[in-house]
Amino acid sequence: MRRRHVRECAEIEKVLFAGDSPWPPAAFHSELDLGGYYLVAVDGSVSGGDEHVLGYAGLAVMGKRGDHETSLHTIGVRPEHQGTGLGQALLRAVLARADELAAPVFLEVRTDNDSAIGLYEKHGFRRLGVRKGYYQPSGADAYTMRRDAITGERQEDGR
């Protein structure tokens, strides 16, 4: 993700998370400033100037070398591109970064977002607990989920 993508990512957030404090551009800029691992999927040409953001994902990396922990801070795909595998591709890409660091991944997801929960569980996440009223202003609950760190030995086995 580059700063030129932030405006479109914030617009997608408004559509996807309208009732739950979508990230404004400043939040994306702050995450980029902190050195998070943020990706976008685009359609169009950078050189032609007609690049269009279809989706994004962001992974925060915390801790020191050899003892990292990561958190999936955001992921979103334009509604008209959902169900195409784009969200899964973005998730796999940020999980690959966590795997390079041999770091566990944490996230929060609305308890009523069955499609996202299914996607996360398919990729090795398990539910740890519920955060009551986590999303504001809607007051929706969230599951906290974790995917264990993938170490070199487990990667050789394909898991």
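In case you missed it, the structure is sitting above this.
Residues numbered from 1 in each chain as written. Predicted model: local features only at pLDDT ≥ 70, side-chain atom pairs only at ≥ 80, totals over all residues. Heavy atoms only, no water.

### Points about the overall build of the protein chain
Working step 1: Broken down by element type, the protein chain carries five helices and six strands.
Working step 2: On C-alpha atoms alone, the protein chain measures out to a radius of gyration of 16 Å, which is about the 15 Å that the 2.2 N^0.38 rule sets for 159 residues.
Working step 3: Principal axes of the C-alpha set define a box for the protein chain whose edges measure 45 × 40 × 30 Å.
Working step 4: Looking at the protein chain residue by residue over its 159 residues, the buried ones come to 40%. (Helix = DSSP H or I, 4+ residues; strand = E, 2+ residues; numbered from the N terminus. Rg over C-alpha atoms; globule rule 2.2 N^0.38 Å. Buried < 20%, exposed > 50% of the residue type's maximum accessible area, 1.4 Å probe, protein only.)

### Observations regarding the packing of aromatic side chains
Working step 1: The full count for this structure, using the stated rule, is five aromatic pairs.
Working step 2: Geometrically, the ring pair formed by Trp 23 and Phe 28 is edge-to-face, given 5.1 Å between the ring centres and 65° between the ring planes.
Working step 3: Taken together, a centroid distance of 5.6 Å and an interplanar angle of 90° make the contact between Phe 28 and Tyr 56 edge-to-face. In this pair, Phe 28 sits in helix H2 (residues 25-33) while Tyr 56 sits in strand E2 (residues 52-62), placing the two residues 28 residues apart along the sequence.
Working step 4: Residue classification places Phe 28 among the buried residues on the basis of a relative accessible area of 0%. (Phe/Tyr/Trp six-rings, centres within 6.5 Å; stacked < 30°, edge-to-face > 60°.)

### Side note on the nonpolar core
Working step 1: Membership of the largest hydrophobic core comes to 23 residues, with the highest contact counts inside it found for Leu 72, Leu 90, Val 109 and Tyr 120.
Working step 2: Every element with two or more residues in this core is listed here: strand E1 (37-43), E2, strand E3 (69-77), helix H3 (86-100), strand E4 (105-110), helix H4 (114-122) and strand E6 (142-147).
Working step 3: When sequence neighbours within four positions are dropped, the list of residues in contact with Val 109 reads Ala 116, Ile 117, Tyr 120, Tyr 135, Asp 141, Ala 142, Tyr 143 and Met 145.
Working step 4: Among the nonpolar cores identified, the runner-up in size contains eleven residues, and Trp 23, Phe 28, Leu 32 and Tyr 38 belong to it. (Core = buried A, V, L, I, M, F, W, Y, C linked by side-chain atoms within 4.5 Å. Contact = heavy atoms within 4.5 Å.)

Keep in mind these values describe shape, not function.
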